[in-house]
Amino acid sequence: SAYQVNFYSNQYVLRGKSRGLASQSGLFFLNDSEMSNQLFTSRNEKESIYDKGLIDEFRNSILFTNWKNHNTLDIIHLRGQHIDYAKRYPSDFAVFGESHVQDPSLSKEERNIVAQYDNAVLYNDMILESIISMLEDEIVVVIFVADHGNEVFDELHIHGRLFTSPTKSIAKNEYEIPMWIWCSNEYKRLNPQIAKNAMNAVNKPFLIDDIPQVLCYLAGIKSNYLRNERNILSPKYTIKQRIIWDSVDYDQLFSQ
């Protein structure tokens, strides 16, 4: 059956204007009005200062629409922990300060940056928990995946991202990202094999290039473009070469 596709983003908002497909500022195809109308049933019209505002909008759409009567794909695109970290959480989440960072190689300002990043992580964890809490009684699967990592004075004395050919350190900190799949109890009851397949996939290497393969499998969508060997929830999934930065073999980089 048909799906409603709802897009909630705290980074990309149409603002009533068509955007070019190749904007280097990030306003790419998601902000092209014509394409957006073909991709999404609905989307939010304004950004929120913090991600909780976006989640509140998602909650309202569940409460005040016929959301439960449709098959839906809800894409929630958070601002997350992007620089400037101190702007990613309200003051009541300023739990950590520079005194909590015990690294003598860092200046006071740098320790503050690490603490602000930790506060942003804490806030992001709260946001994700709130999504799970509002959906736990529904028949639902939640997939979380980050788009990239950040350097925060780890092996390298920098914070942010390096847009250069990755070393082993850069690959670990910027390309190795968290991903998890959560199934509600009712979904697990109705789909025990899928839930089992998800548990069996926990330690399998994966590229987020193949997230569409997973989503179509969960949605029961059939297509000639779908391949079981690219779907991490399929028993036929095959671990493939993971290429980053166009030509760098991620696994080979770590075997050196």
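That block above? That's the structure.
As the structure is a computational prediction, the values presented were derived from the model and not from experiment.

Peer 1: Is there a simple way to explain the overall build of the chain in this structure?
Peer 2: If you tally the helices and strands in the chain, you get eight helices and nine strands. Taken against the 2.2 N^0.38 rule, which gives 18 Å for 256 residues, the C-alpha radius of gyration of the chain at 20 Å falls within 12% of a compact globule. Sorting the 256 residues of the chain into buried and exposed places 38% on the buried side. The long-range share in the chain, meaning contacts at least 24 apart out of those at least 6 apart in sequence, stands at 64%. In the form shown here, the chain has an accessible surface area of approximately 15400 Å², with 52% of it arising from carbon and sulfur atoms. Separation of charge centres in the chain, based on 26 positive and 33 negative side chains, amounts to 5 Å.

Peer 1: So what exactly am I meant to see when it comes to the packing of helix α2 (residues 51–64) against helix α3 (residues 108–135) here?
Peer 2: Between two packed helices, the angle of one axis relative to the other and the distance separating the axes together describe the packing. In contact at an axis separation of 10 Å, α2 and α3 are set at 5 degrees when each is read in the N-to-C sense. Classified by the interaxial angle, the pair formed by α2 and α3 is roughly parallel. Residues Asp51, Lys52, Ile55, Phe58, Arg59 and Ile62 of α2 touch α3, and the partners they reach there are Tyr123, Ile127, Ser130, Ile131, Met134 and Leu135.

Peer 1: For this particular structure, what's the right way to read the packing of aromatic side chains?
Peer 2: Aromatic rings in a pair are described by how distant their centres are and how their planes are angled relative to each other. This structure, assessed with the given rule, holds eight aromatic pairs. Here the aromatic rings of tyrosine 8 and phenylalanine 58 are separated by 5.3 Å at their centres, their planes lie at 75 degrees, and the arrangement is edge-to-face. With tyrosine 8 in strand β1 (residues 3–9) and phenylalanine 58 in helix α2, the pair connects residues that are 50 residues apart, well separated along the chain. Judged by relative accessible area, which is 2%, phenylalanine 58 ranks as buried. Arranged with centres 4.9 Å apart and planes meeting at 45 degrees, the rings of tyrosine 250 and phenylalanine 254 form a pair that is tilted. Here phenylalanine 254 and tyrosine 250 lie together in helix α8 (residues 250–255), a separation of four residues that amounts to about one turn.

Peer 1: I tried to follow the environment of leucine 215 on my own but got confused; where do I start?
Peer 2: With respect to the helices, strands and loops of the structure, leucine 215 is situated in helix α7 (residues 211–219). Put simply, leucine 215 and valine 141 are 74 residues apart on the chain and 9.9 Å apart in space, counted from C-alpha to C-alpha.

Peer 1: Can you help me understand the pairing of strand β4 (residues 141–145) in this one?
Peer 2: Looking down a regular strand, the side chains alternate between one sheet face and the other. Every second residue of β4 is oriented toward a common face, the buried set being Val142 and Phe144 and the non-buried set Val141, Ile143 and Val145. Two elements, β4 and strand β7 (residues 179–183), share five bridges in a ladder whose sense is antiparallel. Within β7, the residue paired with valine 141 across the bridge is cysteine 183.

Peer 1: Looking at this structure, I do not really get the layout of surface pockets. What am I missing?
Peer 2: Over the atoms, a rolling probe the size of a water molecule traces out where space has been left empty. What the second largest pocket holds in volume is close to 1000 Å³. Taken together, 36 residues form the lining of the second largest pocket, with Ile177, Pro178, Met179, Phe206 and Ile208 sitting closest to its centre. Elements supplying a minimum of two residues to the lining of the second largest pocket: α4 (168–175), β7, α6 (192–200) and β8 (243–244). Looking at the lining of the second largest pocket, the element that brings in the most residues is β7, giving five residues. Looking at the lining of the second largest pocket residue by residue, the classes come out as 26 nonpolar, two polar and eight charged.

Peer 1: Help me out: how do you make sense of the pattern of salt bridges in this one?
Peer 2: Oppositely charged side chains can pair when the atoms bearing their charge come close. Evaluated as defined, the whole model comprises nine salt bridges. The closest approach of N and O atoms between aspartate 56 and lysine 52, which form a salt bridge, is 3.1 Å. Of the two residues, aspartate 56 and lysine 52 both sit in helix α2, four residues apart, roughly one turn of that helix. In this structure, glutamate 98 engages arginine 111 in a salt bridge whose closest nitrogen and oxygen atoms are separated by 3.1 Å. Here the residue glutamate 98 occupies a position in the loop between β3 (71–77) and α3, and arginine 111 occupies one in helix α3, the gap between them amounting to 13 residues. Judged by relative accessible area, which is 18%, arginine 111 ranks as buried. One network of salt bridges, with partners in common, ties together Lys52, Asp56 and Arg59.

Peer 1: Whenever I open this one, unusual backbone geometry confuses me. Can you help?
Peer 2: Of the consecutive residues isoleucine 83 and aspartate 84, the connecting peptide bond is found in the cis state with omega at 5 degrees. Here aspartate 84 is to be found in the loop between β3 and α3. The phi angle at phenylalanine 153 is positive, at roughly 55 degrees, despite the residue not being glycine. When you line up the elements, phenylalanine 153 lands in the loop between β5 (151–152) and β6 (159–160). Non-glycine residue aspartate 246 carries a positive phi angle of around 75 degrees. Relative to the assigned elements, aspartate 246 resides in the loop between β8 and β9 (248–249).

About the cut-offs
- Residues numbered from 1 in each chain as written.
- Predicted model: local features only at pLDDT ≥ 70, side-chain atom pairs only at ≥ 80, totals over all residues.
- Heavy atoms only, no water.
- Helix = DSSP H or I, 4+ residues; strand = E, 2+ residues; numbered from the N terminus.
- Rg over C-alpha atoms; globule rule 2.2 N^0.38 Å.
- Buried < 20%, exposed > 50% of the residue type's maximum accessible area, 1.4 Å probe, protein only.
- Contact = heavy atoms within 4.5 Å.
- Areas by Shrake-Rupley, 256 points an atom, 1.4 Å probe, with all protein chains shown as cover.
- Lys, Arg positive; Asp, Glu negative; His and termini not counted.
- Charge placed at Lys NZ, Arg CZ, Asp CG, Glu CD.
- Axes fitted to C-alpha atoms, helices over the stretch in contact; angles between N-to-C directions.
- Parallel < 35°, antiparallel > 145°, perpendicular 65-115°, else oblique.
- Phe/Tyr/Trp six-rings, centres within 6.5 Å; stacked < 30°, edge-to-face > 60°.
- Pairing = 2+ DSSP bridges.
- 1 Å grid on protein atoms, 1.4 Å probe; cavity = no way out; pocket = protein on both sides within 12 Å on 5 of 7 lines; lining within 4 Å.
- Points joined across faces, edges and corners; volume = space filled by probe spheres on them.
- Nonpolar A, V, L, I, M, F, W, Y, C, P; charged D, E, K, R; others polar.
- Salt bridge = Lys/Arg side-chain N within 4 Å of Asp/Glu carboxyl O.

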